[in-house]
Amino acid sequence: MNNGACDIENSIITKVCVIAFSNFSLSVDGSKYRIAKSLVDAGYDVTVLAIKDAKTKSREIIDGIKVSRIDGRNRPIKFLKFLFSALKQKPDIYHSFDLKTLPLAYFVSRINRSKLIYDSRELYVESMRDKELPKVYKRIMTSVERFLIKRVDGIIVVSDARADILVKRYGIKRPTVIFNCAPYKEYRRTTIIRDLLNIKDDKRIVLYQGLISRGRGLENLVSAARYLDDAVVVLIGDGNLKGELIRKVKEEDLEEKVKFIDAVPYEELLDYTMSADLGVHPVQNTCLNHYYCAPNKLFEYLMAGLPVAVSNFPDMRRIVENEGVGETFDPEDPKDIARVINNILNDEKKYNRMRRNALKIAKERYNWEMESRKMLEVYERARTAKT
């Protein structure tokens, strides 16, 4: 299947080397997998260079994607191994995931005279994990990005606001916006969550799925649960905040209002999502990377036919309000979170309209089959451009 995009000519095999400083496991790197798989389906020869950990193999082939994971005792050794492995690939195109891989990818692309695609998943300098780093480091990384971003052959971002920021910051041509959508899956109502947690039929299920960590507003979501009318909050996922949230639920006597499910394999996740009644994402404005997010969970909720309640941030607000699929709240106010959720769930006419809209736009627009066409067009332009 080529998702409607142009396949490369059968007589020409274009070799791609994807550089990802992650383990490239399907449970963590679903978006990277989708990109690599779409390239394979379009006729590209794809190798992913990733990081080896205790749970992954050094080498394997996943659905036609050749994966080579780099091991190393410390960062300098690991970096050198990445460098030499990337040089040995000698591909036609390198694909750099995020700013942390861009200097290496740029260097090897110049040595091998290869094209380079910069996939800016995050506003890396402003991401939360860099918040405590020295200002001089941030200035250096901004200067590095300013220099390199004008020397790549294609730029991909995951939201309109992030594209606008890069244009304003660096004076570049507008990057291609490719939303982090899931492959389309026909809607089929399930009862997995209800059956697993023994939730009564008269209770609505408010679902959060994803990483359970700080900055995602989950403490406030738990606090909001006490104000919900006939609804149960269910969190699917794992993370370093989970234990603290479980203790909070017990201490505040919310066991009947908040429940947890461990992370499930990504290929099974939408079946769980389709058993909920509303999707929620209370991410907090801890950094620009959060403020300008358009996360994959939003599109998963829509594909499952769920009206959504999300933080009142630009990209999510634009989608939710323009498409009529939900409402926004102040993520710092548990009562406001509960108010918006109750407003949607208690208005049957509104709820059904939002549900229909969600299913419609997920099928027609917000799915990977549609988004991958734009990604393949970026590759086609890079592949055919004169050096």
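Residues numbered from 1 in each chain as written. Predicted model: local features only at pLDDT ≥ 70, side-chain atom pairs only at ≥ 80, totals over all residues. Heavy atoms only, no water.

*Asks:* In this structure, what is going on with helix H8 (residues 242-251)? I would like to understand it.
*Replies:* Because an α-helix completes one turn every 3.6 residues, residues spaced three or four positions apart along the sequence face the same direction. Taken residue by residue, H8 has Lys242, Leu245, Lys248 and Val249 as its buried positions. For H8, the arc enclosing every buried residue in end-on projection is 120 degrees, short of the 170-degree limit, so these residues lie on one face. Residues of H8 that are exposed and point over 90 degrees away from its buried face: Lys250 and Glu251. Downstream of H8 by one or two residues, Asp253 has phi in the positive range, about 55 degrees. (Buried < 20%, exposed > 50% of the residue type's maximum accessible area, 1.4 Å probe, protein only. Helix = DSSP H or I, 4+ residues; strand = E, 2+ residues; numbered from the N terminus. Arc of directions from axis to C-beta.)

*Asks:* Would you mind going over the sheet that holds strand S9 (residues 204-209) with me for this structure?
*Replies:* Two modes of strand pairing occur in sheets, parallel and antiparallel, and in both the strands are linked by backbone hydrogen bonds. On the basis of which strands lie adjacent, the open sheet formed by six strands has the order S11-S10-S9-S12-S13-S14 and parallel pairing. A single partner strand is all that each edge strand has here, and the edge strands are strand S11 (258-261) and strand S14 (326-329). Within this sheet the neighbouring strands show an average axis-to-axis angle of 25 degrees, counted without direction. When strand S10 (residues 231-236) meets S11, the two strands line up parallel, connected through four bridges. By the bridge assignment, Leu235 is partnered in S11 with Phe260. (Pairing = 2+ DSSP bridges. Axes fitted to C-alpha atoms, helices over the stretch in contact; angles between N-to-C directions.)

*Asks:* Honestly, the pattern of salt bridges in this entry has me stumped. Any pointers?
*Replies:* Side chains bearing opposite charge may pair, as long as their charged atoms lie close to each other. This model, assessed by the stated rule, comprises 25 salt bridges. Of the charged contacts, one joins Asp119 and Arg121 as a salt bridge, the two residues approaching to 2.9 Å between their closest N and O atoms. Linked by salt bridges that have partners in common, Arg189, Arg194, Arg204 and Asp277 make up one network. (Salt bridge = Lys/Arg side-chain N within 4 Å of Asp/Glu carboxyl O.)

*Asks:* Help me understand helix H9 (residues 266-273) in this model?
*Replies:* Leu269, Leu270, Asp271, Tyr272 and Thr273 are the residues of H9 that are buried. Taken together, the buried residues of H9 touch helix H6 (192-197), S9, S10, S11 and helix H11 (296-303). (Contact = heavy atoms within 4.5 Å.)

*Asks:* Honestly, the pairing of strand S2 (residues 45-51) in this entry has me stumped. Any pointers?
*Replies:* Working note: regular strand, side chains alternate between the two faces of the sheet. In terms of burial, S2 is largely enclosed, as six of its seven residues are buried. Relative to strand S4 (residues 65-70), S2 runs parallel, the two being bridged by five bridges. Looking at the pairing, Val48 lines up with Val67 of S4.

*Asks:* What should I look at first to understand the packing of aromatic side chains in this one?
*Replies:* The description of two aromatic rings rests on the distance between their centres and on the angle between their planes. Applying the stated criterion across every chain, the model contains eight aromatic pairs. An angle of 75 degrees between the planes, with centres 4.9 Å apart, marks the rings of Tyr291 and Tyr292 as edge-to-face. By relative accessible area, Tyr291 is classed as partly exposed at 23%. Ring geometry for Phe299 versus Tyr366: centroids 5.4 Å apart, planes at 35 degrees, classification tilted. With Phe299 in helix H11 and Tyr366 in the loop between helix H14 (348-364) and helix H15 (368-384), this pair connects stretches of sequence that are 67 residues apart. (Phe/Tyr/Trp six-rings, centres within 6.5 Å; stacked < 30°, edge-to-face > 60°.)

*Asks:* I would appreciate a short explanation of the environment of Leu306 in the present structure.
*Replies:* One can find Leu306 in the loop between H11 and strand S13 (308-311). Note on Leu306: relative accessible area 1%, which makes it buried. Here the alpha-carbon distance between Leu306 and Val325, two residues 19 residues apart in the chain, equals 8.1 Å. When neighbours within four sequence positions are excluded, Leu306 is seen to be in contact with Thr273, Ala276, Asp277, Leu278, Gly279, Tyr301 and Ala358.

*Asks:* How should I be thinking about the side chain of Lys248 in this particular structure?
*Replies:* Following the sequence through the fold, Lys248 ends up in helix H8. In contact with Lys248, other than residues within four places in its own chain, are Glu219, Val222 and Ser223.

*Asks:* Got a minute to help me understand unusual backbone geometry in this structure?
*Replies:* Leave glycine aside and you will find that most residues have negative phi; peptide bonds, for their part, are mostly trans. You will see that Asp63, though not glycine, has its phi angle at about 50 degrees, which is positive. Locating Asp63 in the fold gives a position in the loop between strand S3 (59-62) and S4. Even without being a glycine, Arg113 presents a positive backbone phi close to 55 degrees. By secondary structure assignment, the location of Arg113 is in the loop between helix H3 (102-111) and strand S6 (115-120).

*Asks:* Would you mind going over the pairing of S3 with me for this structure?
*Replies:* Of the pairings in the sheet, the one linking S3 to S4 comprises four bridges and is antiparallel in character. Considered in S4, the bridge of Ile61 is made with Lys66.

*Asks:* Is there a simple way to think about the packing of H9 against H11 in this case?
*Replies:* Two quantities define a packed helix pair, namely the angle between the helix axes and the distance between the axes. Look at H9 against H11: their axes get within 9 Å of each other, and the N-to-C directions meet at 55 degrees. For the element pair H9 / H11, the angle class is oblique. Here H9 and H11 pass one another in a crossing that is right-handed. Listed contacts from H11 to Tyr266, Leu269, Leu270 and Thr273 of H9 are Glu300, Tyr301 and Met303. When its residues are assigned to classes, the contact of H9 with H11 shows five nonpolar, one polar and one charged. (Parallel < 35°, antiparallel > 145°, perpendicular 65-115°, else oblique. Left-handed = near helix turned anticlockwise from the far one by under 90°. Nonpolar A, V, L, I, M, F, W, Y, C, P; charged D, E, K, R; others polar.)

*Asks:* It is not clear to me how the environment of Glu251 should be interpreted in this structure. Could you clarify?
*Replies:* Turning to its location among the elements, Glu251 is positioned in helix H8. Classification of Glu251 by relative accessible area gives exposed; the value is 66%. When the C-alpha positions of Glu251 and Cys181 are compared, they lie 37 Å apart, and in sequence the two are 70 residues distant.

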